[in-house]
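# Remarks on the overall topology
These are the residues of each chain, in order.
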Amino acid sequence: MNVPGSTALVTGACSGIGLAIARRLAARGHGLVLVSNREEPLARAAAEIAAAHPVQVQAIAQDLAAPDAAEALVAVLDARGLEIDILVNNAGVFFFGEAVDADPARARAMLQLHVTTPSLLCTLLGARMRARRRGRILLVSSISAWRPFPGISYYASSKAYLRSFAAALRSELAVYGVGVTCLAPGATATGLYDPDVVPVARARRLGVMMDAEVVAEAEVQALLRGDALCVPGLVTRAMTTAAVLTPQPVIDWLRRRAPWLRPRS
Ligand SMILES: NC(=O)c1ccc[n+]([C@@H]2O[C@H](COP(=O)([O-])OP(=O)(O)OC[C@H]3O[C@@H](n4cnc5c(N)ncnc54)[C@H](OP(=O)(O)O)[C@@H]3O)[C@@H](O)[C@H]2O)c1
């Protein structure tokens, strides 16, 4: 899939890791279909990439947390006559808190965005890749997928679903020449986090958070090579091991003391 002239669809492409992945794919000669919710930043991202690289860049502003979002997006692709060779399922959101406090609308949107829409995009666009006997699919999970995490139950569980789905899909599609890669970044300095809760800029300066550009470069290399899994950064890889090995009582102890998750009186 290093073929320049192929077309990559990137969801969540107007910022953060998605924008960095899109830039890198364009730099390697892949045409782009950028999809995000907000029209203006998306149009800016498309214009920036089109000015920097001699590739076709199209933008589709769409709410991927809406019911039927996958079918609606594929209908737009068909109406524009676009064939997708590389599917990057990256769009995501994040919130902290106990699951029982979650706003149902917000929780539903997260599940739709992290679980239903990417799965169905894999189904609808993966079927076409299977028919063509070529293609690449990327699912953006997270290191939070490695164990249950109190405080981010909706987020981590949906990312665990993506990790599992990617592995099964990879096995199914490998025999047709279609590669599936799971990306599991650790904390990355992007707009994913509420700046009032997470001091992203300071965390980046201290090296606690990775740079989205570094994550994206590791990911695009893994995607084009057809790797099963990409966990960018040594520290992040060490953290996945620590997450798996940490006994549940330690997690429960931390949960009782975590300042951001105080038990209610
Ligand atoms: N940053 C981290 O520490 C980290 C760690 C592990 C995994 N990840 C994952 O990496 C992916 C990218 O996140 P990021 O860190 O780059 O954050 P980000 O900069 O906030 O990017 C998220 C992207 O998702 C899009 N999006 C959100 N809701 C959407 C909706 N309803 N419909 C369409 N697009 C929507 C956003 O577009 P709009 O702005 O237009 O809504 C934005 O382009 C996510 O899946 C996230 O879970 C991030």
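Placed above this text is the structure.
So, a few notes on the structure that sits alongside this text. Quantities reported herein were computed from a predicted structural model and do not represent experimental measurements.

### Topic: the site of the ligand
The environment of the ligand is made up of 31 residues, and the closest members are Asn90, Tyr155, Thr188, Thr190 and Tyr193. Residue Asn90 places a main-chain N or O atom 2.7 Å away from an oxygen atom belonging to the ligand. Measuring from an oxygen atom of the ligand, one finds a backbone N or O atom of Gly92 at 3.3 Å. Taking 880 Å² as the accessible area of the ligand by itself, protein coverage stands at 93%. Among the secondary structure elements, those contributing two or more residues to the shell around the ligand are helix H1 (16–27) and helix H5 (153–174). Here the shell around the ligand is composed, by residue class, of 14 nonpolar, 14 polar and 3 charged.

### Focus: the sheet that holds strand S6 (residues 178–183)
Strand order in this open sheet of 7 strands is S3-S2-S1-S4-S5-S6-S9, and the pairing throughout is parallel. Each edge of the open sheet carries a strand with a single partner, namely strand S3 (57–61) and strand S9 (229–230). In terms of strand pairing, strand S1 (residues 7–11) meets strand S4 (residues 86–89) through 3 bridges, oriented parallel. Among the inter-strand pairings, Val10 is bridged to a residue of S4, identified as Val88.

Conventions used here
- Residues numbered from 1 in each chain as written.
- Predicted model: local features only at pLDDT ≥ 70, side-chain atom pairs only at ≥ 80, totals over all residues.
- Heavy atoms only, no water.
- Near = heavy atom within 4 Å.
- Polar contact = N/O pair within 3.5 Å; in protein donor to acceptor, adjacent residues only side chain to side chain.
- Areas by Shrake-Rupley, 256 points an atom, 1.4 Å probe, with all protein chains shown as cover.
- Helix = DSSP H or I, 4+ residues; strand = E, 2+ residues; numbered from the N terminus.
- Nonpolar A, V, L, I, M, F, W, Y, C, P; charged D, E, K, R; others polar.
- Pairing = 2+ DSSP bridges.

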